[in-house]
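# Architecture at a glance
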Amino acid sequence: MPTLFDPIRLGAVTAKNRILMAPLTRGRATRDHVPTDIMIKYYAQRASAGLIISEATGISQEGLGWPYAPGIWNEAQTQAWIPITQAVHDAGGLIFVQLWHMGRLVPSSVSGMQPVSASATKAPDLAHTYEGKKPFDVARPLEIAEIPRLLDDYERATRNALSAGFDGVQIHAANGYLIDEFLRDGTNLRKDAYGGTPEHRIRLLREVTERVISVIGADRTSVRLSPNGEIQGASDSHPENIFLPAARMLSDLGIAFLGLREGTPEGTFGRTDQPKLSPKIREVFNPPLILNQDYNLETAQEALDSGVADAISFGRLFISNPDLPRRFFEGLPLIKDNIATWYTQGAEGYTDYPLIGNEIPA
């Protein structure tokens, strides 16, 4: 069986190890969602990951509601990503951009417009805004006539990702955001061709993925799903019925890899009693399968040994351990991250964690 330190082919690219960096919202862009210079250092520091999946990046003003998160829908944003991808490549790394539409989780005070979703629903809890925590808005249902415009947004973002030098893209279809809201029967109450049956509910995911593939190729396209548990108020009564057909469809399209964020009853960042679906998804999804959520060195290797996972993506461990692969390889102590600095705008808790090295010794 492979180890975490063995290379792996992910579509068109070969990752030098199976320790991937998961997407992590960090909030270091401008209010206009333009990446900033400090992000160059941040991503370059973490280039020893087999593959970096960037923080979730907005495909449009409509779809981006997180303060100081980056976008990739206009020229200024695209140009600002270029030195970031170049720095990662110069350090010997690979980087995909994660394409993000937040759906009903977009606060109108950030985007300037009412959020859209599968149906007229409202997320629970409070939104993170420039003015502090506020209740979410009631979303309006995305009209069928608007779907072509949405697909155009994904196409434009994908073309911009190519111009910016990314090695590929990942479609964010997890965590209760727009595509996930269409997948789950708790948020998709539609009676049209995008609601009701599993086939109809996965239609938007299929159309988005096909449009992205038409620009960048299946071998540079990835998707992220969160197939079990309630996330940000989004849930499904029978997740097997929707996520297995979705995974089979993505396998048939030949995407580079599929990432799964799966909760557990003991999860440190969201808990659920719904069982993990990765073993069953493994049976219907042929390309590499990447698992995520609460893994450490030992449990990650166990997931590879089981044959369910081909690689593991790590999130919070990469925040405070920019050279995580080397620390794993040499058995070095891991540094604890500081949650208070996750979304602040400075270097503290972002680029000031100590770095031992960028390469795994031969």
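Now for a description of the structure that goes with this document. Because the structure is predicted, anything quoted here is derived from the model rather than measured.

## Overview of the side chain of Q77
Position of Q77 among the secondary structure elements: in helix 2 (residues 75-90). A distance of 3.5 Å separates a polar atom in the side chain of Q77 from the backbone oxygen of H33. Ignoring any residue separated from it by four or fewer positions in sequence, one finds Q77 in contact with D32, H33, V34, P35, G71 and I72.

## Notes on the side chain of T351
Position of T351 relative to the elements: it lies in the segment after helix 12 (324-330). The residues contacting T351, other than those within four sequence positions of it, are I38, K41, Y42 and Q45.

## Comments concerning the packing of aromatic side chains
All chains considered together, the criterion is met by 12 aromatic pairs. Plain terms: the ring middles of Y42 and Y350 are 4.1 Å apart, the flat faces sit at 10° to each other, and that makes the pair stacked. Of this pair, Y42 sits in helix 1 (residues 38-45) while Y350 sits in the segment after helix 12; the two residues are 308 residues apart in sequence, bridging distant segments of the chain. Each of the two residues, Y42 as well as Y350, counts as buried.

## With respect to the nonpolar core
Core analysis: the largest hydrophobic core is formed by 78 residues, its most contacted members being Y43, L205, L225, L258 and I312. In this view, I312 contacts L4, R18, I19, L20, I290, L291, Y295, A300, A303 and L304; residues no more than four positions away in its chain are not counted.

## A short note on the packing of helix 2 against helix 4 (residues 147-164)
Running from N to C, helix 2 and helix 4 cross one another at 45°; their axes reach a closest spacing of 8 Å. Between helix 2 and helix 4, the crossing angle belongs to the class labelled oblique. The two elements helix 2 and helix 4 cross, and the hand of that crossing is right-handed. Two secondary-structure elements touch here, helix 2 through T78, W81, I82 and T85 and helix 4 through N160, S163 and A164. When grouped by side-chain class, the residues that make up the contact of helix 2 with helix 4 number three nonpolar, four polar and no charged.

## Points about the pairing of strand 4 (residues 52-58)
Where a strand is regular, its side chains alternate between the two sheet faces. Among the seven residues that make up strand 4, seven are buried, leaving the element largely enclosed by the rest of the structure. Where strand 4 lies against strand 5 (residues 95-100), five bridges are found, and the strand directions are parallel. Residue pairing in the sheet places A56 in a bridge with Q98 of strand 5. On the question of chirality, the crossover connecting strand 4 to the parallel strand 5 by way of helix 2 is right-handed.

## Notes on the pattern of salt bridges
The tally for this structure, following the rule as stated, stands at 20 salt bridges. R149 is the partner of E62 in a salt bridge, and the nearest nitrogen-oxygen pair spans 2.9 Å. Of the two residues, E62 sits in the loop between strand 4 and helix 2 while R149 sits in helix 4, which places them 87 residues apart along the sequence. Under the relative-accessibility criterion, R149 is labelled partly exposed at 30%. Notably, a salt bridge pairs R149 with D153, separated by 3.9 Å at the nearest N-O pair. Of this pair, R149 and D153 are both found in helix 4, four residues apart, which corresponds to roughly one turn of the helix. Since its relative accessible area comes to 7%, D153 is described here as buried. Through salt bridges with shared partners, a single ionic network connects E62, R140, E146, R149, D153 and R156.

## Quick notes on helix 10 (residues 297-305)
An α-helix turns once per 3.6 residues; consequently, residues spaced three or four apart project the same way. Restricting attention to buried positions, one finds in helix 10 the residues A300, Q301, A303 and L304. Down the axis of helix 10, the buried side of the element spans an arc of 155°, and every buried residue falls inside it. On its buried side, helix 10 packs onto strand 14 (311-314). N-capping of helix 10 is provided by N296, with a side-chain oxygen placed 3.0 Å from the backbone N of E298. Looking one or two places after helix 10, you find G307, whose phi comes out positive at around 85°.

Cut-offs used in this document
- Residues numbered from 1 in each chain as written.
- Predicted model: local features only at pLDDT ≥ 70, side-chain atom pairs only at ≥ 80, totals over all residues.
- Heavy atoms only, no water.
- Helix = DSSP H or I, 4+ residues; strand = E, 2+ residues; numbered from the N terminus.
- Polar contact = N/O pair within 3.5 Å; in protein donor to acceptor, adjacent residues only side chain to side chain.
- Contact = heavy atoms within 4.5 Å.
- Phe/Tyr/Trp six-rings, centres within 6.5 Å; stacked < 30°, edge-to-face > 60°.
- Buried < 20%, exposed > 50% of the residue type's maximum accessible area, 1.4 Å probe, protein only.
- Core = buried A, V, L, I, M, F, W, Y, C linked by side-chain atoms within 4.5 Å.
- Axes fitted to C-alpha atoms, helices over the stretch in contact; angles between N-to-C directions.
- Parallel < 35°, antiparallel > 145°, perpendicular 65-115°, else oblique.
- Left-handed = near helix turned anticlockwise from the far one by under 90°.
- Nonpolar A, V, L, I, M, F, W, Y, C, P; charged D, E, K, R; others polar.
- Pairing = 2+ DSSP bridges.
- Right-handed = clockwise from strand over helix to strand, strands pointing away.
- Salt bridge = Lys/Arg side-chain N within 4 Å of Asp/Glu carboxyl O.
- Arc of directions from axis to C-beta.

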